[in-house]
Amino acid sequence: MLAVDFGGTKIEAALVVDGVLIPGTRFRETTGAVKTAAELDDAVRSVVTQALGDRTVTAVGIGSAGPVDASRGVVSPLNVPAWRDHPLVPLVATLVPDVPITLAIDGLAIALAEHRYGAGRGAKNLLGMVVSTGVGGGLVLDGRGFAGTTGNAGHIGHIEVAGFTDACPCGGYGCLEAIASGPSAVRWAQANGWAGSTGEELGTAASSDAADPVARAAIERSARAVGQALASATGLLDLDVIAIGGGFSHSAPDYLDLVRAEFTGRLWEFVTKVRIVPAGLGNEAPLIGAALLTEQ
C-alpha cells in the first residue's frame with residue numbers, strides 16, 4: 001500500500017506492508033500556513049513519487065488534517081488556508097493511476113493503527129487522538145473504524161469545551177483545538193507574559209527546576225481541556241481506550257496524568273473502565289493507519 005499523511009506542518013508518504021514501513025520509502029516535505037497551493041501540490045508530488053520509486057502498489061490510503069470530504073476527494077485543513085476544497089485525491093490519482101484511493105481524516109488513520117498494532121489492541125471502542133499543531137481524533141466503534149458520512153467522524157478537536165471562550169478558525173468558540181494544541185497553548189502563555197515562542201520551549205520552561213508559572217499554567221490548561229473533552233466523548237460513546245499521541249502530549253512528563261485527573265472528576269461509574277494511555281506507535285502511526293484505510 002502507498003500511505004500518505006497530510007498535516008498542518010508536514011506531508012509524508014511511505015510504502016507499507018502488514019503494518020511495517022518499507023525501509024527507504026518514507027519521505028517528508030513541509031506544509032504549513034504560509035505555503036501556497038502550488039507549493040503544497042509540489043510537496044505532494046515529491047513525497048509520493050519518491051516513495052513509489054519504480055514500484056507498483058495495490059491501493060492508496062490518505063489521512064489528512066480536516067475537514068475532509070471523502071466522497072469528493074477534497075480537503076480543507078484548517079491550519080493550511082491555501083487549501084479549501086482542494087482536490088487531493090485527484091492530484092494523487094495522477095501519480096498513481098488506476099489504483100483505488102481511500103481518503104479519511106488523519107485521526108481515523110491513527111485510531112486504526114493503534115487498534116490493530118498499538119496501544120488499543122483488543123479494545124472494542126477506541127478513540128485515537130493527537131495533541132500537536134492541531135488536535136485531531138478518530139474512532140473505532142464495535143471493533144471497526146468509523147469514518148462517518150464525509151470521513152470526519154471523531155474530530156474531537158472541534159468539541160467545544162465548557163468554560164473556555166477561545167476563538168477557533170472553524171467559527172466556533174471554546175473548541176478543544178483552540179485551547180489545547182501546542183500553538184494555542186503558546187498563544188495563551190504569550191498573552192499572559194511568557195516570552196517564548198514554541199511548544200517545545202513552553203514544555204522546557206514548564207518542566208525545569210525553576211518552572212515558569214505561566215508556562216506551567218498553559219500546559220495544565222491544555223490538559224484540563226483535553227480531559228473535559230474526553231469525558232464528553234466517553235459520555236457519548238462509552239469508550240474503552242483513549243490513546244493519545246502527538247508532540248504536545250509530551251510537553252510535560254505528567255501531561256497524561258493531568259488529563260486523567262480532569263477526566264476522572266466525574267460521578268459516572270462507567271468511566272472507571274476507560275484507559276487513557278500514550279499512543280504506542282509514535283510518529284509511524286499516521287502512515288500505518290493510512291494504509292489501513294484501504295481496508296475500510
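Residues numbered from 1 in each chain as written. Predicted model: local features only at pLDDT ≥ 70, side-chain atom pairs only at ≥ 80, totals over all residues. Heavy atoms only, no water.

**Side note on the sheet that holds strand 9 (residues 126-131)**
Working step 1: Across the sheet, which stays open at both edges, the five strands sit in the order 11-10-9-12-13 with mixed pairing between neighbours. Where the open sheet ends on each side, the last strands, each with one partner, are strand 11 (144-146) and strand 13 (275-278). Averaged over all neighbouring strand pairs, the angle between strand axes comes to 25°, with direction disregarded.
Working step 2: Bridging between strand 10 (residues 135-141) and strand 11 involves three bridges; their strand directions are antiparallel. Note on strand 11: the bridge partner recorded for Leu141 is Arg144.
Working step 3: Across the sheet, helix 3 (residues 106-117) touches strand 9, strand 10, strand 11 and strand 12 (241-245), and the angle it forms with strand 10 is around 50°. (Pairing = 2+ DSSP bridges. Helix = DSSP H or I, 4+ residues; strand = E, 2+ residues; numbered from the N terminus. Axes fitted to C-alpha atoms, helices over the stretch in contact; angles between N-to-C directions. Contact = heavy atoms within 4.5 Å.)

**Remarks on the packing of helix 3 against helix 9 (residues 285-292)**
Working step 1: Two elements in contact, helix 3 and helix 9, have axes whose closest approach is 7 Å; the angle formed by their N-to-C orientations is 90°. In terms of orientation, helix 3 and helix 9 fall into the roughly perpendicular class. On the side of helix 3, the interface is formed by Ala109, Ile110, Leu112, Ala113, Glu114, Arg116 and Tyr117, while helix 9 contributes Ala285, Pro286, Ile288, Gly289, Ala290 and Leu292.
Working step 2: Of the residues in the contact of helix 3 with helix 9, the class split is ten nonpolar, one polar and two charged. (Parallel < 35°, antiparallel > 145°, perpendicular 65-115°, else oblique. Nonpolar A, V, L, I, M, F, W, Y, C, P; charged D, E, K, R; others polar.)

**Quick look at the environment of Ala14**
Working step 1: For Ala14, the location among the structural elements is in strand 2 (residues 10-17).
Working step 2: Linking Ala14 and Val48, residues 34 residues apart in sequence, is a C-alpha distance of 7.7 Å.
Working step 3: Apart from residues no more than four positions distant in its own chain, Ala14 is found in contact with Met1, Leu2, Ala3, Leu21, Thr25, Arg26, Ala51 and Leu287.

**Concerning unusual backbone geometry**
Working step 1: Cis geometry is found at the peptide bond from Gly66 to Pro67, where omega equals 5°.
Working step 2: Checked against the element boundaries, Pro67 lands in the loop between strand 5 (60-64) and strand 6 (68-69).
Working step 3: Despite not being glycine, Asp98 shows a phi value in the positive range, around 60°.
Working step 4: Its location among the elements puts Asp98 in the loop between helix 2 (88-95) and strand 8 (101-105).
Working step 5: Its relative accessible area of 83% is what places Asp98 among the exposed residues.
Working step 6: Although it is not a glycine, Asp142 adopts a positive phi angle of roughly 55°.
Working step 7: With respect to the secondary-structure elements, Asp142 resides in the loop between strand 10 and strand 11.
Working step 8: For Asp142, a relative accessible area of 54% corresponds to the exposed category. (Buried < 20%, exposed > 50% of the residue type's maximum accessible area, 1.4 Å probe, protein only.)

**What about helix 9?**
Working step 1: The buried fraction of helix 9 amounts to eight of the eight residues, a majority that puts the element mostly inside the structure.
Working step 2: Its buried side turned inward, helix 9 meets strand 1 (2-6), strand 2, strand 3 (20-21), strand 5 and helix 3.

**Observations concerning the pairing of strand 5**
Working step 1: For strand 5, the tally of buried residues reaches five of five residues, placing the bulk of the element in the interior.
Working step 2: Where burial is concerned, the two faces of strand 5 agree: the one with Val60, Ile62 and Ser64 and the one with Gly61 and Gly63 are both buried.
Working step 3: Direction of pairing for strand 1 relative to strand 5: parallel, over a ladder of five bridges. From the neighbouring strand, Asp5 faces strand 5, where its bridge partner is Gly63.
Working step 4: Here strand 5 pairs with strand 8 via five bridges, running parallel. Looking at the pairing, Ser64 lines up with Ile105 of strand 8.

**Some thoughts on helix 5 (residues 182-191)**
Working step 1: Three or more residues of helix 5 are buried, namely Gly182, Ser184, Ala185, Val186 and Ala189.
Working step 2: Against the buried residues of helix 5 lie helix 4 (176-180), helix 6 (199-207) and helix 7 (213-237).

**Points about the packing of aromatic side chains**
Working step 1: Inspection of every chain in the model, using the stated rule, returns two aromatic pairs.
Working step 2: Taking 4.4 Å as the distance between ring centres and 20° as the angle between the ring planes, the aromatic pair formed by Phe6 and Trp83 counts as stacked. Of this pair, Phe6 sits in strand 1 while Trp83 sits in the loop between strand 7 (74-75) and helix 2, and the two are 77 residues apart along the sequence.
Working step 3: Given a relative accessible area of 0%, Phe6 falls into the buried group.
Working step 4: Owing to a relative accessible area of 0%, Trp83 belongs among the buried residues under this scheme.
Working step 5: On the numbers, 6.2 Å between centres and 75° between planes, the contact of Phe248 with Tyr255 is edge-to-face. (Phe/Tyr/Trp six-rings, centres within 6.5 Å; stacked < 30°, edge-to-face > 60°.)

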